[in-house]
Amino acid sequence: MSDFRQDFLKFSLSQNVLKFGEFTTKAGRQSPYFFNAGLFNDGASTLQLAKFYAQAIIESKIEFDMLFGPAYKGIILAAATAMMLAEKGVNVPFAYNRKEAKDHGEGGVLVGAPLKGRVLIIDDVISAGTSVRESVKLIEAEGAVPAAVAIALDRMEKGTGELSAVQEVEQQYGLPVVSIANLNDLFTLLQNNSEFGGYFEPVKAYRERYGVA
């Protein structure tokens, strides 16, 4: 049976979303890999990405009533994932926010279905946790309950302390975080595919230096 996490990483490589080499992260670290979900930027790749999100969400068995996509990247992710979940028999509403409040028409910062029940936040990655914090605030202000966060890739590396950004979100908000793949999955990819063998040791060293359990 195919491992969808490995399939996702291979697909990300084929789209140049995931790259190996030498990159500088926002934290100033020299990383042997780089992931940019913004490069899923056509119909076919976004469709496939949404399938991976839907599969990861369903397999997590997290209970939720709707999706919320924080502006801007989360907007298309929430809409596309809702479509793929519907294809799998899980039809749920979705909503998203604007960066600036609209002062005409329906007004406000929220668009889509009313925020009700258990809300699954969907975004590309968690770096500083700012997007999650703002999303939680919006959801709770509407009387709904944040249920979990779904992301594409968990880098599983330390933030400012000993915890990763994902672990900080889980600890601070008590929210489970579902990722399509994580750093351990990436390590497995390198172990099992000789064409990427040159990056095995750099990723191993990076994980040992910055990784979290």
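Values in this document were obtained by computation on a predicted structure and should not be read as measured data. (Residues numbered from 1 in each chain as written. Predicted model: local features only at pLDDT ≥ 70, side-chain atom pairs only at ≥ 80, totals over all residues. Heavy atoms only, no water.)

1. As for the packing of helix 6 (residues 183–192) against helix 7 (residues 200–210)
Now for step 1: Their axes nearest at 10 Å, the elements helix 6 and helix 7 cross at an angle of 155°. Taken together, the axes of helix 6 and helix 7 lie roughly antiparallel to each other. For the element pair helix 6 and helix 7, the recorded crossing hand is left-handed. The segment helix 6 lies against helix 7, with Leu183, Asn184, Phe187, Leu190 and Gln191 engaging Phe200, Val203, Lys204 and Arg207.
Now for step 2: Within the contact of helix 6 with helix 7, the residues separate by chemical class into 5 nonpolar, 2 polar and 2 charged. (Axes fitted to C-alpha atoms, helices over the stretch in contact; angles between N-to-C directions. Helix = DSSP H or I, 4+ residues; strand = E, 2+ residues; numbered from the N terminus. Parallel < 35°, antiparallel > 145°, perpendicular 65-115°, else oblique. Left-handed = near helix turned anticlockwise from the far one by under 90°. Contact = heavy atoms within 4.5 Å. Nonpolar A, V, L, I, M, F, W, Y, C, P; charged D, E, K, R; others polar.)

2. Structural notes on the UniProt feature "binding site: orotate" (unreviewed entry) in the protein
Now for step 1: In this structure's numbering, the residues bearing the UniProt feature "binding site: orotate" (unreviewed entry) are Phe34, Phe35, Ser127 and Arg155. Across 122 residues in sequence, these annotated residues keep their C-alpha atoms within 13.3 Å of one another, forming a single compact spot.
Now for step 2: Examined against the element boundaries, phenylalanine 34 turns out to sit in strand 2 (residues 30–35).
Now for step 3: Of the residues examined, phenylalanine 34 reaches a relative accessible area of 36% and is grouped as partly exposed.
Now for step 4: Not counting chain neighbours up to four residues away, the residues in contact with phenylalanine 34 comprise Val17, Leu18, Lys19 and Phe23.
Now for step 5: With respect to the secondary-structure elements, arginine 155 resides in the loop between strand 7 (145–154) and helix 5 (165–173).
Now for step 6: Setting aside anything within four residues of it in sequence, one finds arginine 155 in contact with Thr25, Ser31, Tyr33, Leu183 and Tyr206. (UniProt positions renumbered as here; feature names shortened; annotations may be inferred. Buried < 20%, exposed > 50% of the residue type's maximum accessible area, 1.4 Å probe, protein only.)

3. So, unusual backbone geometry
Now for step 1: Cis geometry is found at the peptide bond from alanine 71 to tyrosine 72, where omega equals 5°.
Now for step 2: Examined against the element boundaries, tyrosine 72 turns out to sit in the loop between strand 3 (66–69) and helix 3 (73–87).
Now for step 3: A positive phi is found at lysine 61, a non-glycine position, where the angle reads about 60°.
Now for step 4: By the element assignment, lysine 61 lies in the loop between helix 2 (43–60) and strand 3.
Now for step 5: The backbone phi angle of methionine 156 is positive, close to 50°, even though this residue is not glycine.
Now for step 6: With respect to the helices and strands, methionine 156 occurs in the loop between strand 7 and helix 5.

4. Some thoughts on the pattern of salt bridges
Now for step 1: Summed over all chains, the structure comprises 6 salt bridges.
Now for step 2: Note that glutamate 157 is salt-bridged to arginine 155, the shortest N-O span being 2.9 Å.
Now for step 3: Judged by its relative accessible area of 22%, arginine 155 falls in the partly exposed class.
Now for step 4: A salt bridge links glutamate 162 to lysine 158, with the nearest nitrogen and oxygen atoms 3.3 Å apart. (Salt bridge = Lys/Arg side-chain N within 4 Å of Asp/Glu carboxyl O.)

5. Some remarks on the side chain of glutamate 157
Now for step 1: Among the structural elements, glutamate 157 can be located in the loop between strand 7 and helix 5.
Now for step 2: In this structure the side chain of glutamate 157 is engaged in a polar contact, spanning 2.9 Å, whose partner is the side chain of arginine 155.
Now for step 3: Engagement of the side chain of glutamate 157 in a polar contact is seen with the side chain of tyrosine 206, the distance being 3.0 Å. (Polar contact = N/O pair within 3.5 Å; in protein donor to acceptor, adjacent residues only side chain to side chain.)

6. Structural notes on the packing of aromatic side chains
Now for step 1: Taken as a whole and assessed by the stated rule, the structure comprises 11 aromatic pairs.
Now for step 2: Judged by centre distance (6.1 Å) and plane angle (45°), the ring pair of phenylalanine 11 and phenylalanine 52 falls under tilted. Here phenylalanine 11, found in helix 1 (residues 4–14), pairs with phenylalanine 52, found in helix 2; they are 41 residues apart in sequence, far enough to count as distant. You'll find phenylalanine 11 and phenylalanine 52 in the same group, each marked buried. (Phe/Tyr/Trp six-rings, centres within 6.5 Å; stacked < 30°, edge-to-face > 60°.)

7. Concerning the side chain of asparagine 97
Now for step 1: Looking at where asparagine 97 falls in the secondary structure, it is placed in strand 4 (residues 94–102).
Now for step 2: Asparagine 97 sits in the buried class, given a relative accessible area of 11%.
Now for step 3: A polar contact of 2.8 Å, which involves the side chain of asparagine 97, links it to the backbone nitrogen of alanine 71.
Now for step 4: Residues in contact with asparagine 97, not counting those within four places in the same chain, are Phe68, Gly69, Pro70, Ala71, Ile75, Val109, Leu110 and Leu138.

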